[in-house]
Amino acid sequence: MHRDSLVIVTPALASANNGNWQTARRWAAMLRSAYRVDLADHWSAGDEALMIALHARRSAASTDAWRSAHPKRPLLLVLTGTDLYRDIAFDTDAQRALRQADALVVLNTLGARSLPPGLRGKAHVILQSCAARAPQARTQRHLRALMVGHLRDEKDPRTYWRAAQRLASRPDILLDHVGAALDPLLGAEAAGLAAGLAQFRWLGGLPHGEVRRRIQAAHVLVHASRMEGGAHVLIEAMRSGTPVLASRIDGNTGLLGEDYPGLFEPGDDSALAALLERARDDLDMLPDLMARLAPRASRFAPEAERSALHDLVGGLLASRRNELMP
């Protein structure tokens, strides 16, 4: 039986252990039941039937090469947070990649509204997924907050750190941060804060399985990011029974809901600190947040993501075959 070949181009492979890699790895596994799938950090030549490219700006050389070699074969472009909320506004490489693509994938339900109006018709929402896990037993002696995100400006770790400093008089509120120091200056700041503030720990980069266990064990996950395409860590929290506090940006509210009560304005460490104090002092707050999130969790089941992905890829390939028929 003939199986079409696909290539997934991602600027980050396994060594990066970031969101792009996790998406590419998961999609490759989901598609291999029906297609031959290769993963690459760039593409220059090959006879695949379809390309999936993650990140408009950083994969632009690959999408250019694909369009040059295969002007009629389908190109599916997955848009990251930096694409949607920064690069496509001014970067000509990213803008060209948008025009070249046959389909654009956004990873949150609000993502398409950041596209130029003329391109929104090419947008498809595919919500990322993960397996469900049961929450671990959580002590009542303290509140443990957890932020997961590599140390770079887009993730805005300083807002979380300033909130930690505001809570220095609350030994019953502990704050952990998991993430590698992609920015050495931020790494130095994290190490300094951990040395000077007993309630704060910077744990550095950790394997994905350990990160997931820490999400299960935390009382609350904090996501302070400035820009997100659709943060997988929020999905992992929801699928682990862990409530979240998140910045009010489309990449978060497009997963949590625009009326979700656990939101704070980007960069507002005072509001975040107040939410964390309330999470500790108001026994109803975290259960109420989880009650809001629990009905949404099924949207992020692997079966839902797999179905949406296969429908889109299969539709693009079928459309191309129909064009070639006499």
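The structure reproduced in this document is the subject of the present report. (Residues numbered from 1 in each chain as written. Predicted model: local features only at pLDDT ≥ 70, side-chain atom pairs only at ≥ 80, totals over all residues. Heavy atoms only, no water.)

### Details of the overall build of the chain
Okay, step 1: A tally of helices and strands in the chain yields twelve helices and twelve strands.
Okay, step 2: Its C-alpha atoms give the chain a radius of gyration of 21 Å, within 12% of the compact-globule value 20 Å for 326 residues.
Okay, step 3: Burial analysis of the chain (326 residues in total) assigns 55% to the buried set.
Okay, step 4: Here the contacts in the chain between residues at least 6 apart in sequence split such that 71% fall between residues at least 24 apart.
Okay, step 5: Of the roughly 13700 Å² of accessible surface on the chain, 52% is carried by carbon and sulfur atoms.
Okay, step 6: If you average the places of the 41 positive and of the 36 negative side-chain charges in the chain, the two averages end up 4 Å apart. (Helix = DSSP H or I, 4+ residues; strand = E, 2+ residues; numbered from the N terminus. Rg over C-alpha atoms; globule rule 2.2 N^0.38 Å. Buried < 20%, exposed > 50% of the residue type's maximum accessible area, 1.4 Å probe, protein only. Contact = heavy atoms within 4.5 Å. Areas by Shrake-Rupley, 256 points an atom, 1.4 Å probe, with all protein chains shown as cover. Lys, Arg positive; Asp, Glu negative; His and termini not counted. Charge placed at Lys NZ, Arg CZ, Asp CG, Glu CD.)

### Some words on the packing of helix α5 (residues 157-166) against helix α6 (residues 184-196)
Okay, step 1: In contact at an axis separation of 11 Å, α5 and α6 are set at 15 degrees when each is read in the N-to-C sense. Between α5 and α6, the crossing angle belongs to the class labelled roughly parallel. With respect to the hand of their crossing, α5 and α6 are arranged in left-handed fashion. When α5 is examined against α6, the residues Pro157, Arg158, Trp161 and Gln165 are found in contact with a partner set consisting of Leu185, Leu186, Glu189, Ala190 and Leu193. (Axes fitted to C-alpha atoms, helices over the stretch in contact; angles between N-to-C directions. Parallel < 35°, antiparallel > 145°, perpendicular 65-115°, else oblique. Left-handed = near helix turned anticlockwise from the far one by under 90°.)

### A closer look at the sheet that holds strand β5 (residues 103-106)
Okay, step 1: Pairing within the open sheet is parallel, and its six strands lie in the order β2-β1-β3-β4-β5-β6. Unpaired on one side and paired on the other, β2 (36-40) and β6 (123-125) mark the two borders of the sheet. The sheet shows a mean angle of 20 degrees between the axes of neighbouring strands, direction not considered.
Okay, step 2: Judged from the four bridges that link them, strand β3 (residues 50-54) and strand β4 (residues 75-78) form a sheet pairing that is parallel. Bridge pairing in β4 places Leu54 opposite Val78.
Okay, step 3: Relative to β2, helix α1 (residues 19-31) is tilted by about 165 degrees, and along the sheet it contacts β1 (5-9), β2, β3, β4 and β5. (Pairing = 2+ DSSP bridges.)

### Focus on the pairing of strand β8 (residues 173-178)
Okay, step 1: Most of β8 sits inside the fold, with six of its six residues counted as buried.
Okay, step 2: Side chains of β8 alternate between two faces, with Ile173, Leu175 and His177 and Leu174, Asp176 and Val178 buried alike.
Okay, step 3: Where strand β7 (residues 143-148) meets β8, six bridges bridge the pair, whose relative direction is parallel. What sits directly across from Ala145, in β8, is Leu175.
Okay, step 4: Handedness of the crossover joining β7 and β8 through α5: right-handed.
Okay, step 5: With four bridges joining them, β8 and strand β9 (residues 200-204) adopt parallel strand pairing. Its bridge partner lying in β9, Asp176 is registered against Arg201.
Okay, step 6: In the classification by handedness, the crossover that spans β8, the intervening α6 and the parallel β9 is right-handed. (Right-handed = clockwise from strand over helix to strand, strands pointing away.)

### Here we look at the pattern of salt bridges
Side chains that differ in charge, positive against negative, can pair when their charged atoms come close.
Okay, step 1: A full pass over the atoms with the stated rule returns 27 salt bridges.
Okay, step 2: Across the pair Asp47 and Arg73 runs a salt bridge whose closest N-O atoms are separated by 2.9 Å. In this pair, Asp47 is assigned in the loop between β2 and β3 and Arg73 in the loop between α2 (60-69) and β4, connecting sequence segments 26 residues apart.
Okay, step 3: Given the relative accessible area of 24%, Arg73 is considered partly exposed.
Okay, step 4: The residue Asp259 makes a salt bridge to Arg292 at a minimum N-O spacing of 3.4 Å. Placement of the pair is Asp259 in the loop between α9 (250-256) and β12 (263-264) and Arg292 in helix α11 (residues 285-293), with a sequence separation of 33 residues.
Okay, step 5: A cluster of three or more residues bridged by salt bridges with shared partners is formed by Arg57, Arg86, Asp87, Arg152 and Glu154. (Salt bridge = Lys/Arg side-chain N within 4 Å of Asp/Glu carboxyl O.)

### Observations concerning unusual backbone geometry
Negative phi values dominate among residues other than glycine, just as trans dominates among peptide bonds.
Okay, step 1: Even without being a glycine, His55 presents a positive backbone phi close to 85 degrees.
Okay, step 2: Assignment of secondary structure puts His55 in the loop between β3 and α2.
Okay, step 3: Phi angles above zero are rare outside glycine, and Asp156 is one such case at about 50 degrees.
Okay, step 4: Relative to the helices and strands, Asp156 resides in the loop between β7 and α5.

### With respect to the nonpolar core
Okay, step 1: With 54 residues, the main nonpolar core has Tyr160, Leu221, Leu245, Leu256 and Leu276 as its most contacted residues.
Okay, step 2: Leu31, Ile52, Val78 and Leu316 belong to the second largest nonpolar core, which has 24 residues in total. (Core = buried A, V, L, I, M, F, W, Y, C linked by side-chain atoms within 4.5 Å.)

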